[in-house]
Amino acid sequence: MKQRPLDPIFSPASIAVVGASRRRESLGFSLLHNLVGNEFTGAIYPVNPEAKALHSLKCYPTLQAIPDPIDLAVILVPRQLVQGMVEQCVAKGVKGLIVISAGFSEIGEEGAERERKLRETVRAAGIRMIGPNCMGVINTAPEIRLDATFAPTPARPGAIGFVSQSGALGVAILNVAQDLGIGLTQFVSMGNKADVSGNDLLEHWEDDPETRVICMYLESFGNPRRFTEIAKRVTRKKPILVVKSGRTAEGARAASSHTGALAGADVTVSALLEQCGVLRANTIEELFDVCRALVRCPLPDGNRVGIVTNAGGPAIMATDACINQGLRMAELSDATRQGLRSFLPAEASVNNPVDMIASANADSYARTLAAVLDDPGVDMAMVINVTPVLASPTDILEVIGEVARSRSKPVLAVMMATDEFYESVKHIRDLPPVYRFPEPAARVLLLLSRYGAWVRRPIEETEPEFDTDDAEVAALLGRTAEGYVEPEDAFRVLDLYGIPLARWRRASTAEEALEAAQEIGYPVVLKAVAPDLVHKSDVGAVQVDLRDDRDLTEAIRRTTESVTRAGHRVEGWLVQEMAKGGHEVIFGITTDPRFGPLLMFGLGGKYVEVFQDVRFGVLPLGRTDALDMVRGIRGFKLLQGVRGEAGADVSLLCEILLRLAQLAERHPRIREVDINPFLAGPDRAHARAVDARIRVGDATA
Ligand code: ADP
Ligand code: MG
């Protein structure tokens with residue numbers, strides 16, 4: 001394999017430990033101890049001016065005193081000495097750096113300045129650096145055996161690449177991995193990510209044949225756009241699992257629009273991860289649960305689950321858990337049921353869940369599971385075993401494994417057994433992933449089926465592009481320096497972007513309003529326009545279904561009165577065509593200071609507040625992403641039309657999302673767009689936005 005940028009860090013032939021120590025409680029001792037104790041296959045050079053030898057290794061007073069070339073330097077000296085040491089490393093020709101020392105951007109501006117200088121130095125020298133403020137790096141490859149961490153727990157070889165932003169959590173992760181018998185290819189604690197980021201690690205593992213699953217514990221995204229780009233590509237080849245913690249204060253924002261109020265930092269992260277096929281686990285425990293299955297199981301072709309059990313109660317729990325996760329229960333064919341009937345006892349249930357009853361032994365498990373997996377209606381299986389009196393759970397788990405290996409569908413085992421059992425099977429290879437309860441197993445099945453669907457999804461090479469007059473749009477938006485643009489400017493912008501609108505006129509006087517209504521044709525809708533009036537119907541500024549001049553005149557009087565009473569100054573009116581029928585939906589754009597524009601779609605009008613049934617998407621937004629957003633709302637069935645009602649034009653809804661994505665991309669002055677409601681009928685002729693607002697401002701606002 002060709003040399004990759006991070007190879008000097010992961011696979012060095014020689015390591016200098018700058019700040020190695022003989023004080024047992026120091027990190028410099030633990031790290032050297034781990035390197036030696038895990039039998040690093042290369043040469044180790046401790047550097048410490050105060051010692052002749054450390055850990056039975058000859059010790060050098062300075063880096064320069066080492067007579068041999070050094071691939072990797074691990075730095076554990078006090079913060080104020082780090083810069084000098086790194087400069088010495090550059091002079092020595094070191095190829096990779098791990099800076100364990102803390103006291104950089106995590107402690108404030110002074111530390112951040114130190115960190116900037118450090119980054120400049122390594123970037124100028126073309127050296128890659130992990131840290132600072134990190135716990136180090138592990139590579140379990142037998143030809144390397146590198147443990148350059150101060151963690152007390154070693155890692156076993158395996159198939160998972162793990163990167164943790166937090167060092168403390170890194171120690172915990174290694175402990176849990178050890179407990180569960182999970183092996184890793186490489187482990188990285190990134191610390192402050194001054195140079196090497198999670199994105200670099202994704203690229204490092206992308207083509208690493210040993211690393212079959214990538215796990216990340218993240219607290220922040222340095223460059224979300226680049227993450228999206230890389231993750232979209234990598235997830236086609238291997239799964240990425242992320243635990244993301246930490247809601248940022250930046251996520252709290254002005255909530256004057258619905259889109260802004262419904263979007264939070266966490267929502268953005270979820271949308272982003274989902275759009276690049278990354279699986280999000282809620283906890284480290286769940287992450288390892290999913291990991292074990294991804295390493296050992298093939299991906300399912302769908303989401304239909306077959307359950308095999310020796311007890312009724314757990315099967316009911318399992319069924320509930322699967323349904324709650326949104327999975328489907330497989331329907332077994334007549335042939336499968338007859339086959340099962342031929343060897344299972346008469347009291348057994350041959351419908352899904354298949355209950356073999358308590359007398360089931362290893363052989364019943366083998367035959368039943370084989371029959372269930374061979375049913376074309378089953379995509380994956382959960383096999384439950386409540387420890388029976390006669391059969392050994394280990395035997396049962398082994399036959400489940402044998403049957404699973406001979407089929408190409410995922411099989412998870414739920415073994416309700418003792419700790420001794422779990423301890424005894426931990427290190428047996430080739431067993432199916434085992435869980436103590438059906439609920440985590442159901443969650444794992446869901447994530448497996450999601451990832452399976454992602455891998456099958458067609459690849460979109462290009463984003464759709466629409467022909468739009470962006471100079472004109474920029475000019476309209478430019479009329480407002482900061483805040484909401486005039487309602488008519490908002491409508492014009494949307495019109496220029498090809499978004500269907502209810503016909504409208506702006507009127508300054510009652511006479512103009514009556515003329516406008518004649519032009520548009522009754523029935524019409526009247527909306528008072530006033531500065532800073534955002535939620536119009538709240539102050540009685542909207543009057544719908546006005547049928548003639550008399551209605552309209554009366555509406556002008558009423559709106560003026562109530563809007564004035566609410567403390568606003570009426571500047572004029574919008575007269576609008578009265579749109580009839582269609583489903584009220586909402587489209588929106590909001591901007592996250594870190595993630596950029598975020599698109600929203602959901603049920604609109606009064607439903608927004610009550611159900612908050614919306615989905616978010618990030619840029620770049622592809623056709624499939626848009627379709628996922630529209631189809632992904634809980635109320636999608638409503639949009640398809642229930643009880644004889646006409647459905648909404650779904651492809652038009654997707655197109656509008658894509659048009660808004662282009663608007664957000666090309667006009668970064670846009671802070672927020674709210675189209676609420678958009679009345680969505682069965683085709684383009686019966687679809688129109690009736691209310692829209694756009695807020696603009698500087699990108700830093
Ligand atoms: P706001 O959201 O500021 O209160 P809207 O312009 O959205 O004001 O109007 C409130 C409600 O009135 C909408 O949710 C919609 O149900 C109805 N409505 C507004 N304009 C029209 C229209 N042109 N045709 C039909 N219904 C309308
Ligand atoms: Mg509205």
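Residues numbered from 1 in each chain as written. Chains lettered and ligands numbered in written order. Predicted model: local features only at pLDDT ≥ 70, side-chain atom pairs only at ≥ 80, totals over all residues. Heavy atoms only, no water.

> Help me understand the packing of aromatic side chains, please; the structure alone is not making it clear to me.
Pairs of aromatic rings are described using the distance from one ring centre to the other and the angle between the two planes. Inspection of the entire model under this criterion finds ten aromatic pairs. Centre to centre, the rings of Phe221 and Phe595 are 5.7 Å apart; their planes meet at 70°, and the pair counts as edge-to-face. Here Phe595 lies in the loop between strand E26 (583-592) and strand E27 (596-603) and Phe221 lies in the loop between strand E12 (213-218) and helix H7 (224-234), a separation of 374 residues in the sequence. No difference in accessibility class separates Phe221 from Phe595, as the two residues are buried. Lying over the aromatic face of Tyr60, Lys58 brings its terminal NZ or CZ to 4.8 Å of the ring centre. The positively charged end of Arg367 is found above the aromatic ring belonging to Phe343, 4.2 Å away from the centroid. (Phe/Tyr/Trp six-rings, centres within 6.5 Å; stacked < 30°, edge-to-face > 60°. Helix = DSSP H or I, 4+ residues; strand = E, 2+ residues; numbered from the N terminus. Buried < 20%, exposed > 50% of the residue type's maximum accessible area, 1.4 Å probe, protein only. Lys NZ or Arg CZ within 6 Å of the ring centre and 35° of its normal.)

> What should I look at first to understand the environment of Ile499 in this one?
Take Ile499: it is sitting in the loop between helix H18 (487-496) and strand E22 (504-507). Distance in space between the C-alpha atoms of Ile499 and Arg684 is 9.9 Å, their sequence separation being 185 residues. Setting aside anything within four residues of it in sequence, one finds Ile499 in contact with Leu494, Ile656, Arg659, Leu660, Ile675 and Phe678. (Contact = heavy atoms within 4.5 Å.)

> Honestly, the site of ligand 1 in this entry has me stumped. Any pointers?
Close to ligand 1 lie 18 residues, the nearest being Lys527, Lys536, Ser537, Glu577 and Glu584. The separation between an oxygen atom of ligand 1 and a polar side-chain atom of Lys527 is 2.6 Å. Between ligand 1 and Val534 there is a distance of 3.4 Å, counted from an oxygen atom to a backbone nitrogen or oxygen. Alone, ligand 1 offers 540 Å² of accessible surface; in the complex the protein occludes 85% of this. Counting residues per element, the ones that place at least two in the shell around ligand 1 are strand E23 (524-529), strand E24 (542-546), strand E25 (572-577) and strand E29 (670-680). (Near = heavy atom within 4 Å. Polar contact = N/O pair within 3.5 Å; in protein donor to acceptor, adjacent residues only side chain to side chain. Areas by Shrake-Rupley, 256 points an atom, 1.4 Å probe, with all protein chains shown as cover.)

> What should I look at first to understand unusual backbone geometry in this one?
A negative phi holds for most residues other than glycine; trans holds for most peptide bonds. The residue after Asn352, namely Pro353, is reached through a cis peptide bond having omega -5°. Mapping Pro353 onto the fold places it in the loop between helix H12 (334-343) and strand E17 (354-355). Between Leu619 and the following residue, Pro620, the backbone shows a cis peptide bond with an omega angle of -5°. Topologically, Pro620 is positioned in the loop between strand E28 (614-618) and helix H22 (623-632). Unlike most non-glycine residues, His55 shows phi in positive territory, near 55°.

> Any chance you could explain the sheet that holds E22 here in plain terms?
Here we have four strands laid out as an open sheet, ordered E22-E25-E23-E24, and antiparallel in their pairing. Single-partner strands in this sheet number two, and they are E22 and E24. If you compare each strand with its neighbour and ignore which way they point, the axes differ by 20° on average. Pairing of E23 with E24 involves three bridges; the strand directions are antiparallel. From the neighbouring strand, Lys527 faces E24, where its bridge partner is Val542. Taken strand by strand, H18 contacts E22, E23 and E25, and its axis lies near 155° from that of E22. (Pairing = 2+ DSSP bridges. Axes fitted to C-alpha atoms, helices over the stretch in contact; angles between N-to-C directions.)

> Which parts of the structure should I look at to understand the coordination of the magnesium ion (ligand 2)?
In an ideal octahedron of six donors the angles at the metal are 90 or 180 degrees, and in an ideal tetrahedron of four donors they are 109.5 degrees. Donor atoms from the polypeptide that coordinate the magnesium ion (ligand 2) comprise Asn676 (O) and Asp691 (OD), at 2.2 Å from the metal. One end of the pair, Asn676, is in strand E29; the other, Asp691, is in the loop between strand E30 (687-689) and strand E31 (692-696), and 15 residues separate them in sequence. The pair Asn676 / Asp691 is uniform in exposure class, with both members buried. (Donors = N, O, S within 2.8 Å, 3.2 Å for Na, K, Ca; no water.)

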